[in-house]
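Working through the structure, step by step
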Amino acid sequence: MRPTVLFILSALIYVQALGQCTLSLTEAAEMTFATNSKIKATEFQTLAAKRSRQAALSLFSPQINIHSGWVHTQKDLYIDINPLKPLLGSLDIAPLLGLDWRYTIQNRNFGFIEADITVPIFTGGKIISAVKAAKTSEQIAISQGLAQRQATFTELVERYFALSLSRSAVAVRTQVLEGMQQHLKDISALESLGLATKAEVLYVKYRLSEAEQELAAATSTLNLAHTALCTTIGTESIGELTTPIFYIQAIESLDHFITLALQSNAQLSEVRSQRQLAKQNIAVHRAEFFPEIVAMGGGGFTRNVTNILPRWAVGVGLNFKLFDGLRREYQYSAAKNTYKRVEALELAAQDDIKLLVTSLYNSTTASLERILALQSSIDFATEYLQMQRDAFSEGAATSTTVIDATIELAAVRIEQLKCAFEFDTNLAKLLEVAGASDTLFDYSNSSTKHSLSYEKE
């Protein structure tokens, strides 16, 4: 046996030994969503946005602060009127004059524990706008997470069916190689009987060498496709793929996908949220023109603090900025222009989405038309190969025609597989843009689907 054939067979045995478990597209998606680092990153981003929204809601709550301390000053704070005693000597208050006329207002050592509370009454809509902006930011994070999830699923579909395509291509190339080897035995036997020429034998050997090279190339592609799918799923080996490459003879209309995309596309939803965020930014800057009014109060426990000071207090506070060099006016104007910019970008994004959907739809339907057209070619090539084999066995055809028919059947089979692969990947991309990636499972499980696979032949 030739070294090339040994290498190919060893590679095939190695690939088959990489995994013995079956793996459907649904199972592959579950594994990918559970382990993919990019998806996990968007989940943390969404959680962070949720916490920021909860933090914004706390702006409506009363703000309570506690202060405490122990103070030691230079000296006591007191009032001393002893120097006035000489002026009062003419009065008959001798007993009083003998007293110490110094009154301590505050001891030099004192401590306190106080609490104050502030409740917003009116902020010009600043708090409401901040909460709405936080909710919109959370929605943006959700849209980004959905977009990443759908993009990862599209990548999974492409690599999953790429591996299925590669395995089927190896199976087809193996069939061609085995057929060539058998034909070489037959033509060699005929040559020994004087019924075939040396040139015919050499031609078969030449074609056999080509088949070996094509199988080696297909095996190399298979190994690469296996590694790529393992990287996406996050596993070391993959067994039999139970979801074959498929096609549906008809899909929904272009208008259906355009309408779906305008409603559910993740990137377009993010742009809409960005517009809402810009709108809330206008409200935040508009609130700068209004005063802030708060209710406040405070009180606490003290030790060695003069009784002259009150132990609690309540009140209302107002803060209003009269002039700041027109900064508020310029920021408000900038916020309005930012909103107009995002509004224009949203319209442009809608046009881009429509164009992308149209392009992917045309690619998908073109692949479908090519699949259906190739089926007739496969039927003809299969029948023609059988006819040439029968004719060769009867001596009515040459080995060249049999070999050419074998190669032609293999080529058209692989071409149909590639078209079906393009149909599946283009359909996945189309559904991603339409915001309906999960519906690919409905297509793959549909009773009207047609499966293509030569992996087990």
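Everything discussed here concerns the structure shown above.
Residues numbered from 1 in each chain as written. Predicted model: local features only at pLDDT ≥ 70, side-chain atom pairs only at ≥ 80, totals over all residues. Heavy atoms only, no water.

**Observations concerning the pattern of salt bridges**
The final tally for this structure, using the stated rule, is 11 salt bridges. Of the charged contacts, one joins Glu 138 and Arg 53 as a salt bridge, the two residues approaching to 2.4 Å between their closest N and O atoms. Taken together, the positions of Glu 138 in helix 5 (residues 126-192) and Arg 53 in helix 3 (residues 37-57) put the pair 85 residues apart, joining distant regions of the chain. Each of Lys 126, Glu 288 and Glu 292 takes part in salt bridges that share partners, so that together they form one network. (Salt bridge = Lys/Arg side-chain N within 4 Å of Asp/Glu carboxyl O. Helix = DSSP H or I, 4+ residues; strand = E, 2+ residues; numbered from the N terminus.)

**Here's the deal with the sheet that holds strand 6 (residues 292-303)**
Here 4 strands make up an open sheet; going across it, the order is 1-4-6-7 and the pairing antiparallel. Two strands lie at the open edges of the sheet, namely strand 1 (63-72) and strand 7 (312-319), each paired on one side alone. Neighbour-to-neighbour, the strand axes of the sheet open up by a mean angle of 20 degrees, direction not taken into account. Of the strand pairs in this sheet, strand 1 and strand 4 (residues 109-122) are connected by 10 bridges, and their pairing is antiparallel. (Pairing = 2+ DSSP bridges. Axes fitted to C-alpha atoms, helices over the stretch in contact; angles between N-to-C directions.)

**Here's the deal with the packing of aromatic side chains**
Two measures describe an aromatic ring pair: the distance that separates the ring centres and the angle between the ring planes. Under the criterion given, the structure shown has 8 aromatic pairs. With centroids separated by 6.0 Å and ring planes inclined at 70 degrees, the aromatic side chains of Phe 161 and Phe 246 adopt a geometry described as edge-to-face. Of the two residues, Phe 161 is situated in helix 5 and Phe 246 in strand 5 (residues 245-248); the sequence distance between them amounts to 85 residues. On the basis of relative accessibility, which here comes to 0%, the residue Phe 161 falls in the buried class. Between Phe 257 and Tyr 361, the aromatic rings sit 5.9 Å apart at their centres with planes inclined by 50 degrees, giving tilted as the arrangement. With a gap of 104 residues between them, Phe 257 in helix 7 (residues 254-264) and Tyr 361 in helix 9 (residues 327-393) connect regions that are remote in the sequence. Grouping aromatic residues by their ring pairs yields a cluster made of Phe 33, Phe 153 and Phe 441. (Phe/Tyr/Trp six-rings, centres within 6.5 Å; stacked < 30°, edge-to-face > 60°. Buried < 20%, exposed > 50% of the residue type's maximum accessible area, 1.4 Å probe, protein only.)

**Some remarks on a nonpolar patch on the surface**
A surface patch of nonpolar side chains, amounting to about 630 Å² of accessible area, comprises Ile 79, Ile 81, Leu 84, Leu 87, Tyr 103 and Ile 308. By the secondary structure assignment, Ile 308 is in the loop between strand 6 and strand 7. In this structure Ile 308 comes out as exposed when scored by relative accessible area, which is 57%. (Patch = residues over 30% accessible without salt bridge, like charges linked within 9 Å, V, L, I, M, F, W, Y side chains within 5 Å. Areas by Shrake-Rupley, 256 points an atom, 1.4 Å probe, with all protein chains shown as cover.)

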